[in-house]
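Understanding the architecture of this molecule
These are the residues of each chain, in order.
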Amino acid sequence: QKEVEQDPGPLSVPEGAIVSLNCTYSNSAFQYFMWYRQYSRKGPELLMYTYSSGNKEDGRFTAQVDKSSKYISLFIRDSQPSDSATYLCARRRPTVYGAQKLVFGQGTRLTINP
Amino acid sequence: DGGITQSPKYLFRKEGQNVTLSCEQNLNHDAMYWYRQDPGQGLRLIYYSQIVNDFQKGDIAEGYSVSREKKESFPLTVTSAQKNPTAFYLCASRRGGYTEAFFGQGTRLTVV
């Protein structure tokens, strides 16, 4: 089982819809998570980061962590065509060397239709 | 402006040649990372470095090498031993003790 798993989609929704993007993780020991947005042929852009359970909101974006089900979600309200991109979830965890490793899901490709 | 600079943006390599991808950051970040991304795929970790003069192999290190002689620089060499080097390469950095990591704009390497 991969450390972080994400449905690759593609996901297509109409403009204005609420979008729900999800990831699951396999080890509940480390609870630092990030969501990135990546436009085609560009580097990923950090949207939000969160720790442990609960919600974190930033404008139209809400990140949610459910420890009991090992589920992390990103919700986009009032979706816009400019939100069309690939969304990557990531997790930070320590390694045996004392360094911090960043593990990514496969990414979900999202299209918002005008 | 602070940020992460990857160069070149596009790189073409002949089979059997080594090439070096540059990654420079002026964010004073401690940790730096190299990832590879193939079409329709997520990011796979090649190498990472927590501090100067120290680095560890990631999940797909074979055929790659790195150095970390300066805090702001983490170059990646793609050697001829890498059998399928055509990909999009991404460099990231992170401040020690913080979760969020930031990425450069990537280098697209094509073997011709």
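Our subject is the structure that appears above.
Residues numbered from 1 in each chain as written. Chains lettered and ligands numbered in written order. Predicted model: local features only at pLDDT ≥ 70, side-chain atom pairs only at ≥ 80, totals over all residues. Heavy atoms only, no water.

**Regarding the interface of chain B and chain A**
Note on interface size: it is often stated as the accessible area lost on association of the parts. What counts, and what does not: Residues are treated as being in contact if the distance between any of their heavy atoms lies within 4.5 Å. Any carboxyl oxygen of Asp or Glu within 4 Å of a side-chain nitrogen of Lys or Arg constitutes a salt bridge here. Two N or O atoms form a polar contact when they lie within 3.5 Å of each other; inside protein one atom must be a possible hydrogen donor and the other a possible acceptor, and for residues adjacent in sequence the pair counts only when both atoms belong to side chains. A run of DSSP states H or I qualifies as a helix once it reaches four residues; a run of E qualifies as a strand once it reaches two. Both are numbered from the N-terminal end. Side-chain classes follow a simple rule in which Ala, Val, Leu, Ile, Met, Phe, Trp, Tyr, Cys and Pro form the nonpolar group, Asp, Glu, Lys and Arg form the charged group, and the remainder, Gly included, forms the polar group.
Listed per partner, the contact involves 25 residues of chain B and 23 residues of chain A. Our count for the chain B to chain A interface comes out at one salt bridge. Of the charged contacts in the structure, one is a salt bridge between Lys101 of chain A and Asp59 of chain B, with a shortest N-O distance of 3.1 Å. If you look at where chain B meets chain A, you find eight residue pairs in polar contact (both at pLDDT 80 or more). Residue assignment for the side of chain B that touches chain A shows that the elements contributing at least two residues are β4 (31-37), β5 (43-51), β9 (87-94) and β10 (101-103) of chain B. Here the element with the most residues in the side of chain B that touches chain A is β5 of chain B; it accounts for four residues. Grouping the amino acids of the side of chain B that touches chain A by side-chain chemistry returns eleven nonpolar, nine polar and five charged.

**Some words on the sheet that holds strand β1 (residues 4-6) of chain A**
All names here are of chain A. This is how the line gets drawn: In this description, strands pair whenever DSSP reports at least two bridges between them. Inter-axis angles, ranging from 0 to 180 degrees, are taken between N-to-C directions of lines fitted to C-alpha atoms, where helices are fitted over the stretch in contact.
Taken together, the five strands give an open sheet; going across it, the order is β1-β3-β8-β7-β6, and neighbouring strands pair in antiparallel fashion. Lying at the two open borders of the sheet, with one neighbouring strand each, are β1 and β6 (54-58). If you compare each strand with its neighbour and ignore which way they point, the axes differ by 20 degrees on average.

**Digging into the state of the cysteines**
The bond known as a disulfide is covalent and runs between the sulfur atoms of two cysteines. Operational definition: What counts as a disulfide here is a pair of cysteine sulfur atoms lying within 2.5 Å. Note on exposure labels: buried denotes an accessible area under 20% of the residue type's maximum, exposed denotes more than 50%, and partly exposed covers the range between, all computed with a 1.4 Å probe on protein chains only.
Tallied over the full model, the rule gives two disulfides over all chains. In this model Cys23 of chain A forms its disulfide with Cys89 of chain A; the gap between the sulfur atoms is 1.8 Å. One disulfide, between Cys23 of chain A and Cys89 of chain A, carries an S-S torsion of -100 degrees and so falls in the left-handed class. With Cys23 of chain A in strand β3 (residues 19-25) and Cys89 of chain A in strand β9 (residues 85-94), this pair connects stretches of sequence that are 66 residues apart. The burial state of Cys23 of chain A is the same as that of Cys89 of chain A; both residues are buried. Note on cysteine connectivity: Cys23 of chain B is disulfide-linked to Cys91 of chain B, with sulfurs 1.9 Å apart. Across the S-S bond linking Cys23 of chain B and Cys91 of chain B, the dihedral sits near -75 degrees, which makes this disulfide left-handed. Of this pair, Cys23 of chain B sits in strand β3 (residues 19-25) while Cys91 of chain B sits in strand β9, and the two are 68 residues apart along the sequence.

**Comments concerning unusual backbone geometry**
Cis geometry is found at the peptide bond from Gly9 of chain A to Pro10 of chain A, where omega equals 5 degrees. For the bond running from Ser7 of chain B to Pro8 of chain B, omega is -10 degrees, close enough to zero to count as cis. Position of Pro8 of chain B among the secondary structure elements: in the loop between β1 (4-7) and β2 (10-13). In the Ramachandran plot, Asp78 of chain A falls in the positive-phi region, its phi being about 45 degrees despite a non-glycine side chain. Within the secondary structure, Asp78 of chain A sits in the loop between β8 (71-76) and β9.

**So, the pattern of salt bridges**
Applying the stated criterion across every chain, the model contains eight salt bridges over all chains. Between Arg60 of chain A and Asp83 of chain A there is a salt bridge, with its nearest N and O atoms 2.8 Å apart. Highlighted residues: Arg60 of chain A in the loop between β6 and β7 (61-66) and Asp83 of chain A in the loop between β8 and β9, separated in sequence by 23 residues. One connected set of salt bridges, linked through shared partners, spans Arg36, Asp38 and Arg44 of chain B.

**Focus: the packing of aromatic side chains**
To keep it simple, the criterion reads: Stacked, edge-to-face and tilted labels apply to pairs of Phe, Tyr and Trp rings (six-membered ring for Trp) whose centres lie within 6.5 Å, assigned for plane angles under 30 degrees, over 60, and everything in between, in that order. Remark: a charge is flagged as sitting over a ring if the NZ atom of Lys or the CZ atom of Arg is within 6 Å of the ring centre and within 35 degrees of the ring normal.
Under the definition given, this model contains eleven aromatic pairs over all chains. With 5.4 Å between their ring centres and 90 degrees between their planes, Tyr36 of chain A and Phe103 of chain B make a pair best called edge-to-face. Of this pair, Tyr36 of chain A sits in strand β4 (residues 32-38) while Phe103 of chain B sits in strand β10, each in a different chain. Both residues of the pair, Tyr36 of chain A and Phe103 of chain B, count as buried. Plain terms: the ring middles of Tyr47 of chain B and Phe55 of chain B are 5.9 Å apart, the flat faces sit at 80 degrees to each other, and that makes the pair edge-to-face. An aromatic cluster of at least three residues, connected via ring pairs, comprises Tyr36 and Phe104 of chain A together with Tyr33, Tyr35, Tyr48 and Phe103 of chain B. Arg108 of chain B extends its terminal NZ or CZ atom over the ring of Phe88 of chain B, reaching a point 4.5 Å from the ring centre.

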